[in-house]
Amino acid sequence: MHTYNRHNELETAVIPLFERAAECLAITSPDDKCIAVGELWMAAQEYRLEFDPHTPVTPIGLAGHPDKPELVVPSQVKRRRLGSEAGRAALIHAIAHIEFNAINLALDAVYRFRDMPRQYYYDWLSVAEDEARHYQLLQNRLQMMGRAYGDFPAHNGLWQMAQRTADDCLKRMALVPRVLEARGLDVTPGMIERLEAAGDPETSRILNVILEEEVRHVQIGSHWFKVCCDQRGLEPEGTFLALLREHFSGTLRGPLNIPARMQAGFTQREMDAISAL
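Keep in mind it's a predicted model, so treat the numbers as computed, not measured.

A look at the packing of helix H7 (residues 169-197) against helix H9 (residues 236-247)
For step 1, the next point in the chain: Orientation of H7 relative to H9, taken along the N-to-C sense of each, is 75°, at an axis distance of 10 Å. With respect to H9, the element H7 is oriented roughly perpendicular. Across from Leu170, Lys171, Ala174, Leu175, Arg178 and Val179 in H7, the residues of H9 making contact are Thr239, Phe240, Leu243, Leu244 and His247.
For step 2, the next point in the chain: Class assignment of the residues belonging to the contact of H7 with H9 gives a composition of 7 nonpolar, 2 polar and 2 charged.

So, helix H3 (residues 30-45)
For step 1, the next point in the chain: The first and last C-alpha atoms of H3 sit 22 Å apart over 16 residues, in line with the 22 Å expected at 1.5 Å per residue.
For step 2, the next point in the chain: Of all the residues in H3, the buried ones are Pro30, Lys33, Cys34, Ala36, Val37, Leu40, Trp41, Ala43 and Ala44.
For step 3, the next point in the chain: Where the residues of H3 are buried, they touch strand S1 (15-16), helix H2 (17-26), strand S2 (49-50), helix H4 (85-112) and helix H5 (118-144).
For step 4, the next point in the chain: In the stretch just after H3, Tyr47 is the one whose phi turns positive, near 55°.

As for the packing of aromatic side chains
For step 1, the next point in the chain: In total, this model carries 11 aromatic pairs according to the counting rule given.
For step 2, the next point in the chain: When the ring of Tyr47 is compared with that of Tyr122, the centres are 6.1 Å apart and the planes differ by 70°; the resulting orientation is edge-to-face. Note that Tyr47 is positioned in the loop between H3 and S2 and Tyr122 in helix H5, a separation of 75 residues in sequence.
For step 3, the next point in the chain: By relative accessible area, Tyr47 is classed as exposed at 68%.
For step 4, the next point in the chain: For Tyr122, a relative accessible area of 16% corresponds to the buried category.
For step 5, the next point in the chain: By the ring-pair criterion, three or more aromatic residues cluster together here, those being Phe18, Tyr47, Phe51, Tyr120, Tyr121, Tyr122 and Trp224.
For step 6, the next point in the chain: If you follow Arg178 out to its NZ or CZ, it ends over the ring of Phe240, 4.6 Å from the centre.
For step 7, the next point in the chain: Across the ring face of Phe266, the terminal group of Arg178 is positioned such that the distance to the ring centre comes to 4.2 Å.

Quick look at the side chain of Asn257
For step 1, the next point in the chain: Mapped onto the elements of the fold, Asn257 is located in the loop between H9 and helix H10 (258-263).
For step 2, the next point in the chain: In this structure the side chain of Asn257 is engaged in a polar contact, spanning 3.3 Å, whose partner is the backbone nitrogen of Ala260.
For step 3, the next point in the chain: Aside from chain neighbours lying at most four places away, what touches Asn257 is Leu185, Asp186, Pro189 and Leu211.

Some words on the packing of helix H8 (residues 201-232) against H9
For step 1, the next point in the chain: Where H8 contacts H9, the two axes come as close as 10 Å, and the packing angle between them is 105°. For the element pair H8 / H9, the angle class is roughly perpendicular. Residues Phe225, Lys226 and Cys229 of H8 pack against Pro236, Thr239, Phe240 and Leu243 of H9.
For step 2, the next point in the chain: Classifying every residue of the contact of H8 with H9 gives 5 nonpolar, 1 polar and 1 charged.

Some details on the nonpolar core
Grouped burial of nonpolar side chains is what soluble globular proteins tend to show.
For step 1, the next point in the chain: In terms of nonpolar packing, the biggest core is built from 85 residues, with Leu17, Leu49, Tyr120, Trp124 and Phe240 touching the most fellow members.
For step 2, the next point in the chain: A per-element tally of this core places H4 first, with 14 residues.

Structural notes on the pattern of salt bridges
For step 1, the next point in the chain: Tallied over the entire structure, the rule returns 16 salt bridges.
For step 2, the next point in the chain: Where Arg183 meets Asp186, a salt bridge forms, and the shortest distance between an N and an O atom there is 2.8 Å. Of this pair, Arg183 and Asp186 both sit in helix H7, 3 residues apart, which is roughly one turn of that helix.
For step 3, the next point in the chain: Between Arg269 and Glu235 there is a salt bridge, with the nearest N and O atoms lying 3.7 Å from each other. Linking Arg269 in helix H11 (residues 268-276) with Glu235 in the loop between H8 and H9, this pair joins segments that are 34 residues apart in sequence.
For step 4, the next point in the chain: The class of Arg269 is partly exposed, set by a relative accessible area of 41%.
For step 5, the next point in the chain: You can call Glu235 partly exposed: its relative accessible area is 41%.
For step 6, the next point in the chain: Salt bridges linked by common partners bring Asp130, Arg133, Glu213 and Arg216 together as one network.

With respect to the side chain of Asp200
For step 1, the next point in the chain: Mapped onto the fold, Asp200 is located in the loop between H7 and H8.
For step 2, the next point in the chain: Residue Asp200 is classed as buried on the basis of its relative accessible area, which comes to 3%.
For step 3, the next point in the chain: Leaving out residues up to four positions away in the same chain, Asp200 has contacts with Arg88, Arg141 and Leu195.

A look at the environment of Pro16
For step 1, the next point in the chain: The topology assignment puts Pro16 in strand S1.
For step 2, the next point in the chain: Residue Pro16 is classed as partly exposed on the basis of its relative accessible area, which comes to 22%.
For step 3, the next point in the chain: Taking the C-alpha atoms as reference points, Pro16 and Leu49, separated by 33 residues in sequence, lie 6.0 Å from one another.

Here is what the cut-offs are and how they apply
Residues numbered from 1 in each chain as written. Predicted model: local features only at pLDDT ≥ 70, side-chain atom pairs only at ≥ 80, totals over all residues. Heavy atoms only, no water. Axes fitted to C-alpha atoms, helices over the stretch in contact; angles between N-to-C directions. Helix = DSSP H or I, 4+ residues; strand = E, 2+ residues; numbered from the N terminus. Parallel < 35°, antiparallel > 145°, perpendicular 65-115°, else oblique. Contact = heavy atoms within 4.5 Å. Nonpolar A, V, L, I, M, F, W, Y, C, P; charged D, E, K, R; others polar. Expected span 1.5 Å × (residues − 1). Buried < 20%, exposed > 50% of the residue type's maximum accessible area, 1.4 Å probe, protein only. Phe/Tyr/Trp six-rings, centres within 6.5 Å; stacked < 30°, edge-to-face > 60°. Lys NZ or Arg CZ within 6 Å of the ring centre and 35° of its normal. Polar contact = N/O pair within 3.5 Å; in protein donor to acceptor, adjacent residues only side chain to side chain. Core = buried A, V, L, I, M, F, W, Y, C linked by side-chain atoms within 4.5 Å. Salt bridge = Lys/Arg side-chain N within 4 Å of Asp/Glu carboxyl O.

Treat this as a map of the structure, not an account of what it does.
Written out as structure tokens, the structure is:
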């Protein structure tokens, strides 16, 4: 006698990619979102995705997120010293929030842009799965410290950039992975050093995993940015630098992680311009 088994159904069912990506985006529970992303990535690996470019694309709004953490303006997020456990917990929470937002950013890159080669969607689903795993590593670390995601306030700057680039895949690839996420390549080595000095090798180990894998994420952004430029007959370096001047007004605190950025697809001309900031 056949009995219904959801897991067996998931192993064989064809998944409508864009509809399921939208469903994942809307999930408010971080744990449930991570599970849903894992299921969608499994379907991708088993070539069970259905690509229907005629699925309607809704205007970008807020992605699904839990009631906590409280979202505040960046200036209201306090900086904590890493010499105390509370300070280290606040740092881990801030990174967990970035990784949770990164799940939604990768899902939206899948959902929103419909005229890309199929490998684009597989690439960004793989990024979503990585970011979900990163979030879970950090959430588990918070739990070991008697804390949880939502215990500290956070800001929504990453998702605001997603909203600003919702009309153009080229802009999204330039300004999210190659600007915002690339900053993680710069600042993470310093955080790792400070955590090791503070006697927290467990968190340092997690950040080393994240740093290594984020290089690939930025590299994926670089690749698809160049593909978008090729599609439109644009020169990538000049286009990127023009977008950087248009959308970034400020200075960057060094040092830049030049080896990681070069591995992730930046050119020397781009690095010279970024260094000038």
